[in-house]
Amino acid sequence: MELDRALRIAAAGMDAQTSRLRVVAENLANRDTTSEIAGGDPFRRKTVTFANRFDRALGANTLRVARVGTTKGDFPTRFDPNHPAANEQGYVKTPNVNSTIEVMDMREAQRSYTANLSVLEVTRGMLTRTIEAMR
């Protein structure tokens, strides 16, 4: 049934966006997490990569999380010679998490999730009306 397909495709999209929101939450929660050892690396920002997967049972592509990776590059530093993670020069490496980018990612994931939720609600309404018409 085509309506069942729509429900399952939307559910897969919601699941992928839920994973993305979890990663954003983890990034925001660790935006101030430094290393415990002097000169060590702090928390590194995580990213989500999506991929289409052909679902043979549905006969359609669905969205899934391909992998959760980390961003590359240097860490910003700040001068704080009294910090336990400070190097010999007194600089502490800070996480490469930008709160503005994380909030933008969070809003994008929220909008995608809401769009898929709307598909679920409309499809459910169509199914309900179909059942009522058959009575």
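Heads up: the structure comes first, above all this text.
In short, a report on the structure. (Residues numbered from 1 in each chain as written. Predicted model: local features only at pLDDT ≥ 70, side-chain atom pairs only at ≥ 80, totals over all residues. Heavy atoms only, no water.)

Before going further, it helps to spend a moment on helix 2 (residues 99-134). In this model, helix 2 (36 residues) spans 52 Å end to end at C-alpha, consistent with the 52 Å of a helix rising 1.5 Å per residue. Elements in contact with the buried residues of helix 2: helix 1 (2-29). Its side-chain oxygen at 2.9 Å from the backbone nitrogen of Thr100, Asn98 defines the N-terminal cap of helix 2. (Helix = DSSP H or I, 4+ residues; strand = E, 2+ residues; numbered from the N terminus. Expected span 1.5 Å × (residues − 1). Contact = heavy atoms within 4.5 Å. Polar contact = N/O pair within 3.5 Å; in protein donor to acceptor, adjacent residues only side chain to side chain.)

This part covers the packing of helix 1 against helix 2. Axis separation between helix 1 and helix 2 bottoms out at 9 Å; the angle between their running directions is 160°. On the basis of the axis angle, helix 1 is roughly antiparallel to helix 2. For the pair helix 1 and helix 2, the crossing hand works out as left-handed. Split into classes, the residues belonging to the contact of helix 1 with helix 2 amount to 16 nonpolar, eight polar and four charged. (Axes fitted to C-alpha atoms, helices over the stretch in contact; angles between N-to-C directions. Parallel < 35°, antiparallel > 145°, perpendicular 65-115°, else oblique. Left-handed = near helix turned anticlockwise from the far one by under 90°. Nonpolar A, V, L, I, M, F, W, Y, C, P; charged D, E, K, R; others polar.)

So, on to helix 1. The end-to-end C-alpha distance of helix 1 is 41 Å, a good match for the 40 Å that 28 residues give at a rise of 1.5 Å each. Among the residues of helix 1, those classed as buried are Leu3, Ala10, Ala12, Gly13, Met14, Ala16, Gln17, Ser19, Arg20, Val23, Val24 and Asn27. (Buried < 20%, exposed > 50% of the residue type's maximum accessible area, 1.4 Å probe, protein only.)

Strand direction decides the pairing type here: strand 1 (residues 46-55) and strand 2 (residues 60-70), joined by ten bridges, are antiparallel. When the sheet's bridge partners are listed, Arg53 is paired in strand 2 with Thr62. Between the antiparallel neighbours strand 1 and strand 2 lie four residues, among them Gly59 with a positive phi of about 70°. (Pairing = 2+ DSSP bridges.)

Relative to the assigned elements, Ser35 resides in the loop between helix 1 and strand 1. We classify Ser35 as buried; its relative accessible area is 11%. If we ignore the near neighbours within four places in the chain, the residues touching Ser35 are Gly40, Asp41, Pro42 and Ala85.

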